[in-house]
Protein chains: 2
Amino acid sequence: VKKLLGVDVGGTNVRAAVVGEEGKLLAVAKRRLADRGPDAVVAAVVQAVDEVEKSGGRGSACGVGFAGQLDGESGLVRVAPNLGWRDVPLGELLQQRLARPVSVVNDLSAAAWGEHRAGASKGVNDAFTVFVGSGVGSAIIANGSLVHGARGVAGEFGHVKVVPGGRLCGCGEQGCLEAYAGGHNLTALMEEAIAAKRSPGLEALTQGTAPTPVHLEEAAAAGDSAAVEIFDRAVEFLGVSLGNQITVLNPGVVVLGGGVLAHAPGLRERVKARALEICSRTSRAAVTIRDAALGDDSGLIGAALLSMPA
Amino acid sequence: VKKLLGVDVGGTNVRAAVVGEEGKLLAVAKRRLADRGPDAVVAAVVQAVDEVEKSGGRGSACGVGFAGQLDGESGLVRVAPNLGWRDVPLGELLQQRLARPVSVVNDLSAAAWGEHRAGASKGVNDAFTVFVGSGVGSAIIANGSLVHGARGVAGEFGHVKVVPGGRLCGCGEQGCLEAYAGGHNLTALMEEAIAAKRSPGLEALTQGTAPTPVHLEEAAAAGDSAAVEIFDRAVEFLGVSLGNQITVLNPGVVVLGGGVLAHAPGLRERVKARALEICSRTSRAAVTIRDAALGDDSGLIGAALLSMPA
């Protein structure tokens, strides 16, 4: 059976996997990043690949899922805020060291493709996958293929404007969905409420530690008014934005993933219900909203499968 | 050169055209519909086809653009409110009479495909086409193909919710974009303002005739406060919704068509400007917003080209 390599480059670790061509994970290895420069990252990937191939066997091509802005399919990383990179030819560097074809893809596209080939949207030609983690992103699968868009940035669901002129987002613009519903922003909103003495509930729960979506859900359920406000607004903006994308894209399956949705099931269920209220009647009849099935492995599996020559 | 037939079934006329395989319109014929029953429509199409083929030559296959809800690619019309149809096997009926392959597609998909193959988005693999006429609709082209969605209803842009719980839409739900920006609704909103004596400007301009988008634009430009309110709201909802779709789809070209946008250039330019303000920075860098180039012919051309066997 044909084997492929999948690589996931995060902010603190790299992971490598040997994946069967049907999407089965055969072996995984992880390396902690000593530093975040391109040389250190490439070295860590090569070590992880060497290790994983000892048990899993050789992969004929390598796909890398990467969080950052990429230049089409050239493997050039334009900007990667997590790693502080700018214009790094990651694909080329890895191809030299690994001596096989290397493709670099957006990490969310890789994860959505993994879910499509081996997870929650398997067998579904039209799927919309939304990740709510520290940020908010998505990937579109239409007619059985990933939609990249004209410059490879399709799926910027976190940057739809939900309050034109509203809260400043990490992207530098105002009023993005992510500014109200991404994990980093939820934490910031909770910290602001605690600092302003508006949230006795969150203050008691967190006791000086960084507030998480789990705290938010617990404080909102207990009726803390600041927590309820932050929670309800995140539900409304995520639910309406998702419902409207269901109307436009008419997916057979919506997949919900990412740390915030995984750890805050109350939030997740409210978002699902709201999205189904908001979407059009005809699109509602076609869609099923499912939780992501592969967790952190979706990106490894999807990156590997995307490296397969067409 | 290979020739194809394109047919457009409207509420009062049918048109048929012979189209070259590169999208050139070679001949057109029109028949007025005596009545709107399936038999009368089929007879009118057959007559128009007979006429057009005398001058244009024989088309090897026939594509029909149809305003209504279709059942996948079977040619079955589920519901067509314009004609009062329900469950009419239009494709089958025409195939028997025309003795060649017949495909029936959504009229907006046909028009968008015509613009893609021979008009404003020619040569662009990722395009989003929005039509604002009596209703509001859209079609998505991704990776060079039309996106149909899981049940063939992708592109229901007019039914994204812009005011959850808001104004009743013709679709039976509340707060849809179309309820604030479609031609029928703009007319209704203006009539309501005139009846309530809130719009001396529109009253003077229309003098008892049905108000049109041209009146709206003129009255708003003259400062009539009810007209300004209706106009500004339509601009804001269209602009924000379009901008957000640009963010998610990352199209290389957006094509704007339909009667309202064609006849109200002031509205159209304001919508363009607002959409470009709202969309994300990266998607903005990739997109050009263009006016539809083929007018009423886009649907004939697109339907014909979509009938071509793959």
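Structural notes, computed from the coordinates. Note that this is a predicted model, so its numbers are computed, not measured. (Residues numbered from 1 in each chain as written. Chains lettered and ligands numbered in written order. Predicted model: local features only at pLDDT ≥ 70, side-chain atom pairs only at ≥ 80, totals over all residues. Heavy atoms only, no water.)

**Things to note about the environment of V14(B)**
Residues and elements named next belong to chain B.
Here comes step 1: Along the chain, V14 turns up in strand β2 (residues 13-20).
Here comes step 2: C-alpha of V14 to C-alpha of R32: the two residues are 18 residues apart in sequence and 6.5 Å apart in space.
Here comes step 3: With near-sequence residues (within four places) excluded, V14 lies in contact with D8, V9, A29, K30, R31, L33, V41, A44, V45 and A48. (Helix = DSSP H or I, 4+ residues; strand = E, 2+ residues; numbered from the N terminus. Contact = heavy atoms within 4.5 Å.)

**Some words on the sheet that holds strand β5 (residues 69-71) of chain A**
Residue and element names in this part refer to chain A.
Here comes step 1: The three strands are arranged β5-β6-β7 in an open sheet whose pairing can be described as antiparallel. The strands lining the two open edges of the sheet, one partner per strand, are β5 and β7 (85-88). In this sheet, neighbouring strand axes are inclined to one another by 20° on average, regardless of whether the strands run parallel or antiparallel.
Here comes step 2: When strand β6 (residues 76-80) meets β7, the two strands line up antiparallel, connected through three bridges. Opposite V79, over in β7, you have R86 as the bridge partner. (Pairing = 2+ DSSP bridges. Axes fitted to C-alpha atoms, helices over the stretch in contact; angles between N-to-C directions.)

**Some thoughts on the interface of chain B and chain A**
Here comes step 1: Residue-level contacts link 45 residues of chain B with 45 residues of chain A.
Here comes step 2: Here chain B packs against chain A, burying approximately 3200 Å² in sum over the two surfaces, 51% of which is carbon and sulfur.
Here comes step 3: In terms of surface lost to chain A, no three residues of chain B exceed K161(B), V248(B) and N250(B), which account for 17% of the buried area on that side.
Here comes step 4: Here chain B is connected to chain A by three salt bridges.
Here comes step 5: In this structure, E173(B) and R284(A) form a salt bridge, with 3.2 Å as the shortest nitrogen-oxygen distance.
Here comes step 6: Seen at the junction of chain B and chain A, the total is 21 residue pairs in polar contact (both at pLDDT 80 or more).
Here comes step 7: Every element with two or more residues in the side of chain B that touches chain A is listed here: β10 (136-142), β11 (145-146), α8 (225-249), α10 (265-278) and α11 (281-286) of chain B.
Here comes step 8: The leading source of residues in the side of chain B that touches chain A is α8(B), at seven residues.
Here comes step 9: Here the side of chain B that touches chain A is built from residues that sort into 19 nonpolar, 17 polar and nine charged. (Buried area = accessible area lost by both parts, 1.4 Å probe. Salt bridge = Lys/Arg side-chain N within 4 Å of Asp/Glu carboxyl O. Polar contact = N/O pair within 3.5 Å; in protein donor to acceptor, adjacent residues only side chain to side chain. Nonpolar A, V, L, I, M, F, W, Y, C, P; charged D, E, K, R; others polar.)

**Side note on the packing of aromatic side chains**
Aromatic ring pairs are described here by two measures, namely the spacing of the ring centres and the angle between the planes.
All names here are of chain A.
Here comes step 1: Following the criterion strictly, the structure yields six aromatic pairs over all chains and no others.
Here comes step 2: With a centroid separation of 5.6 Å and 85° between ring planes, the pair formed by F128 and F157 is classed as edge-to-face. Of the two residues, F128 is situated in strand β9 (residues 127-132) and F157 in the loop between β11 (145-146) and α4 (178-181); the sequence distance between them amounts to 29 residues. One exposure class covers both F128 and F157, and it is buried. (Phe/Tyr/Trp six-rings, centres within 6.5 Å; stacked < 30°, edge-to-face > 60°. Buried < 20%, exposed > 50% of the residue type's maximum accessible area, 1.4 Å probe, protein only.)

**A word on the sheet that holds strand β13 (residues 288-291) of chain A**
Residue and element names in this part refer to chain A.
Here comes step 1: Read across the sheet, five strands follow the order β11-β10-β9-β12-β13 without closing on themselves; strand pairing throughout is mixed. Two strands close off the open sheet at either side, each with one partner strand: β11 and β13.
Here comes step 2: Note: β9 against strand β10 (residues 136-142), six bridges, orientation antiparallel. Looking across to β10, one finds that T129 is bridged to A139.
Here comes step 3: Along the sheet face, helix α10 (residues 265-278) touches β12 (253-257) and β13 and points at about 165° away from the line of β13.

**Some remarks on the nonpolar core**
Here comes step 1: Core analysis: the biggest nonpolar cluster contains 92 residues, and L242(A), L267(A), L242(B) and L267(B) have the highest contact counts within it.
Here comes step 2: Non-local contacts of L242(A), meaning those with residues more than four positions away in its chain, are made with F128(A), V130(A), F157(A), V254(A), L256(A), V271(A) and A275(A). (Core = buried A, V, L, I, M, F, W, Y, C linked by side-chain atoms within 4.5 Å.)

**As for the packing of helix α7 (residues 213-221) of chain B against α8(B)**
Residue and element names in this part refer to chain B.
Here comes step 1: The interhelical angle for the contact between α7 and α8, taken along N-to-C directions, is 115°, at an axis separation of 8 Å. By crossing handedness, the relation of α7 to α8 is classed as left-handed. Of the residues in α8, those in contact with L216, E217, A219 and A220 of α7 are A227, V228, I230 and F231.
Here comes step 2: Looking at the contact of α7 with α8, its residues break down into seven nonpolar, no polar and one charged. (Left-handed = near helix turned anticlockwise from the far one by under 90°.)

**Some thoughts on the pattern of salt bridges**
Residues and elements named next belong to chain A.
Here comes step 1: Following the criterion strictly, the structure yields 31 salt bridges over all chains and no others.
Here comes step 2: The salt bridge partner of K197 is E203, with a shortest N-O separation of 3.0 Å.
Here comes step 3: Close ionic contact of D232 with R270 constitutes a salt bridge, the shortest N to O distance being 3.4 Å. Placement of D232 in helix α8 (residues 225-249) and of R270 in helix α10 is noted, with a sequence separation of 38 residues between them.
Here comes step 4: According to the relative accessible area criterion, D232 is partly exposed, its value standing at 33%.
Here comes step 5: You can call R270 partly exposed: its relative accessible area is 38%.

**Thoughts on the relation of the copies chain B and chain A**
Here comes step 1: When chain B is fitted onto chain A, the two copies agree to an RMSD of 0.0 Å after a turn of 180° and an axial shift of 0.0 Å. Interpreted geometrically, this transformation is the action of a two-fold axis. For chain B, the smallest separation between a C-alpha atom and the rotation axis is recorded for A142(B), amounting to 3.9 Å.
Here comes step 2: The share of interface residues of chain B whose copies in chain A are also at the interface is 100%, consistent with both copies meeting through the same surface. (Least-squares fit on C-alpha atoms with pLDDT ≥ 70 in both.)

**Brief notes about helix α3 (residues 107-118) of chain B**
Here comes step 1: With twelve residues, α3(B) extends 16 Å between its outermost C-alpha atoms, agreeing within 8% with the 16 Å of an ideal straight helix rising 1.5 Å per residue.
Here comes step 2: Residue N106(B) occupies the N-cap position of α3(B), its side-chain oxygen lying 2.8 Å from the main-chain nitrogen of L108(B). (Expected span 1.5 Å × (residues − 1).)

**Quick look at the side chain of E217(A)**
Residues and elements named next belong to chain A.
Here comes step 1: Within the secondary structure, E217 is located in helix α7 (residues 213-221).
Here comes step 2: No salt bridge forms around the buried E217; measuring N to O, its nearest opposite-charge neighbour R268 is 8.0 Å away.
Here comes step 3: A polar contact is formed between the side chain of E217 and the backbone nitrogen of G266, at a distance of 2.9 Å.
Here comes step 4: Excluding its chain neighbours within four sequence positions, the residues that come into contact with E217 are F231, A264, P265, G266 and L267. (Lys, Arg positive; Asp, Glu negative; His and termini not counted.)

**Re the pairing of strand β9 (residues 127-132) of chain B**
All names here are of chain B.
Here comes step 1: Of all six residues that make up β9, six are buried, and the element is covered over most of its length.
Here comes step 2: Burial along β9 is two-sided: A127, T129 and F131 and F128, V130 and V132, pointing in opposite directions, are all buried.
Here comes step 3: Where β9 hands over to β10, the hairpin turn is made up of three residues, counted between the paired strands.
Here comes step 4: Two elements, β9 and strand β12 (residues 253-257), share five bridges in a ladder whose sense is parallel. Bridge pairing in β12 links V130 to L256.

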